[in-house]
Amino acid sequence: MKVVKFGGSSMADAGQYRKIREILMADPERRVVVVSAAGKRFSGDHKITDLLYLCHAHTQYGVDCSNIFEMIRSRYLEIRDELGIKLDLESEFSALKSGLDRKMVSQDELASRGEYFSAKLMAAFLGFQFVDAADWIRFKFDGSVDQEASYALLKDRYKDFGIVIPGFYGMMPDGKIRTFTRGGSDITGALAAAALDADVYENWTDVSGILMADPRIVDDPQTIPQVTYDELRELSYSGAQVLHEGTIFPVREKNIPLNIRNTNAPNDPGTMIKEAFDGDSDPDRFITGITGKKDFSVISLSKRGLSGQVGYLRKVLSIFERHNVSIDYVPNGIDNVSVVMPTEAVSSSLYTIMAEIQKELEPDSLTVHDQIAVVAAVGRKMAFRPGISGKIFATLGEAGVNIRMINQGPDELNIIFGVDNKDFKTAIRVLYDSFVK
Ligand code: ADP
Ligand code: ASP
Ligand code: MG
């Protein structure tokens, strides 16, 4: 059995619902369907979830949100009527609106209604059974999901027939609705797949898989056919955001492969994500993807004899800890160390931190560089190729890109380097052109 999740753009209008029905009919194993709220139909359009948050904010300030509410309501009624579905949504919408007017609907509950109405409609359209996420996804009071309880509840509900589940939310121990963070329907799908021991979790979206680089930087980048969970984690951490970061854990734990697919190009194989792959589909390709983020700060200190001093690294790091600054990378050399984090994370405490480093470690030099972009080349096969980092740096050097810091993880899954913000796009393009094309 396959669990299939359809994202916002896949649920945006009646035409998309029809495509989904075709996709389900093409494979009878696709029996558990998780859906998002209706997303954008065209650029400039509104996502239903955004409108729901906006509506709630209005009522909080005592401002009438009837216009926004009507935009939400009519989107769903339009889909219903165009598909000829018989379903009374009007009374549910008016009950919701009157609860809202009396300030009886929490932000999370209102935000969750996008997925709720999507699932109601999709279930009626497919002739599948609607299974509410609030009836099986159980949060603990600390906000984490009670996997054991949730899995048992869903297993109990599912008996081999087709079901549709709304993504994005579940229930707290006190019975209140709680949502995941934005993009969280991906997690709902992963939890359903894990609960039911699915053969595969298909995540259907508007691209034919994970791209090797950001399409806004590289023209028409290739799709990654296969990627391991570890590589995906590196790619998402350093910038490629296709799945919610909470998606991997539940499926990985049960060793369920994850397949990213395109609702608008259902014959494309998409990206397959697994623990490991036997055989190598493309032996000449040793970089899986290239990503990055801008606006980091690099604080560097050097001192003769530093590496001989016991505990110096702990002293440096504890200064950041005291100021509650979370650090991304700590590249170091023999007598120097750099600490790298998003500028935003350190900006309010930077001068105090610098003063404390100066006082406690008495370095020979202490510098800050900001406007640094971190670029990551990720690939499970890099470990087996000597001289990759040398080649990367030579290539960047030829393109006139200065490298400000270098960091390679111990598992050699990635090479991370810092460049000036202004060189960010050039660095990604140059790497893509020379290592992928
Ligand atoms: P959904 O609504 O289906 O959950 P999302 O908008 O959350 O879809 O995620 C899909 C989007 O992720 C794509 O449309 C694309 O713009 C974006 N994206 C960012 N980085 C990448 C990447 N490396 N590969 C593919 N898509 C990417
Ligand atoms: N609709 C929610 C959001 O926009 C959840 C999701 O689409 O995954 O964030
Ligand atoms: Mg998403």
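Structure first, text after, so check above.
The following refers to the structure shown. Given the structure is predicted, the values throughout are model-derived calculations rather than measurements. (Residues numbered from 1 in each chain as written. Chains lettered and ligands numbered in written order. Predicted model: local features only at pLDDT ≥ 70, side-chain atom pairs only at ≥ 80, totals over all residues. Heavy atoms only, no water.)

Attention now goes to the site of ligand 1. As a structural note, the neighbourhood of ligand 1 is formed by Lys 5, Gly 7, Gly 8, Thr 205, Asp 206, Val 207, Gly 209, Ile 210, Leu 211, Ala 240, Gln 241 and Val 242. Within the backbone of Gly 8, one N or O atom sits 3.1 Å away from an oxygen atom of ligand 1. One nitrogen or oxygen atom from the main chain of Leu 211 is found 2.8 Å from a nitrogen atom belonging to ligand 1. The fraction of the free accessible surface of ligand 1 (580 Å²) that becomes covered by protein chains is 73%. Within the shell around ligand 1, the residues separate by chemical class into five nonpolar, five polar and two charged. (Near = heavy atom within 4 Å. Polar contact = N/O pair within 3.5 Å; in protein donor to acceptor, adjacent residues only side chain to side chain. Areas by Shrake-Rupley, 256 points an atom, 1.4 Å probe, with all protein chains shown as cover. Nonpolar A, V, L, I, M, F, W, Y, C, P; charged D, E, K, R; others polar.)

In this section: the side chain of Asn 262. Summarising the element assignment, Asn 262 is placed in strand E9 (residues 258-262). By relative accessible area, Asn 262 is classed as buried at 9%. A polar atom in the side chain of Asn 262 sits 3.1 Å from the side chain of Ser 208. Setting aside chain neighbours within four positions, we find Asn 262 in contact with Trp 204, Thr 205, Asp 206, Val 207 and Ser 208. (Helix = DSSP H or I, 4+ residues; strand = E, 2+ residues; numbered from the N terminus. Buried < 20%, exposed > 50% of the residue type's maximum accessible area, 1.4 Å probe, protein only. Contact = heavy atoms within 4.5 Å.)

Before going further, it helps to examine helix H8 (residues 229-237). The set of residues buried in H8 consists of Tyr 229, Glu 231, Leu 232, Glu 234, Leu 235 and Ser 236. Positive backbone phi, at 140°, marks Gly 239, one or two positions downstream of H8.

At Lys 103, a position not held by glycine, the phi torsion is positive, near 55°. Tracing the chain through its elements places Lys 103 in the loop between helix H4 (90-101) and helix H5 (107-126). Even without glycine at this site, Asp 295 takes up a positive phi of about 65°. Positionally, Asp 295 belongs in strand E11 (residues 289-302).

Formed by 125 residues in total, the largest nonpolar core has its most connected members in Tyr 76, Ile 165 and Ile 392. For this core, the leading source of residues is H5, giving ten residues. Sequence-distant contacts of Tyr 76, defined by excluding residues within four places in its chain, comprise Ala 37, Ala 38, Ile 48, Leu 89, Phe 93, Gly 114, Phe 117, Ser 118 and Leu 121. (Core = buried A, V, L, I, M, F, W, Y, C linked by side-chain atoms within 4.5 Å.)

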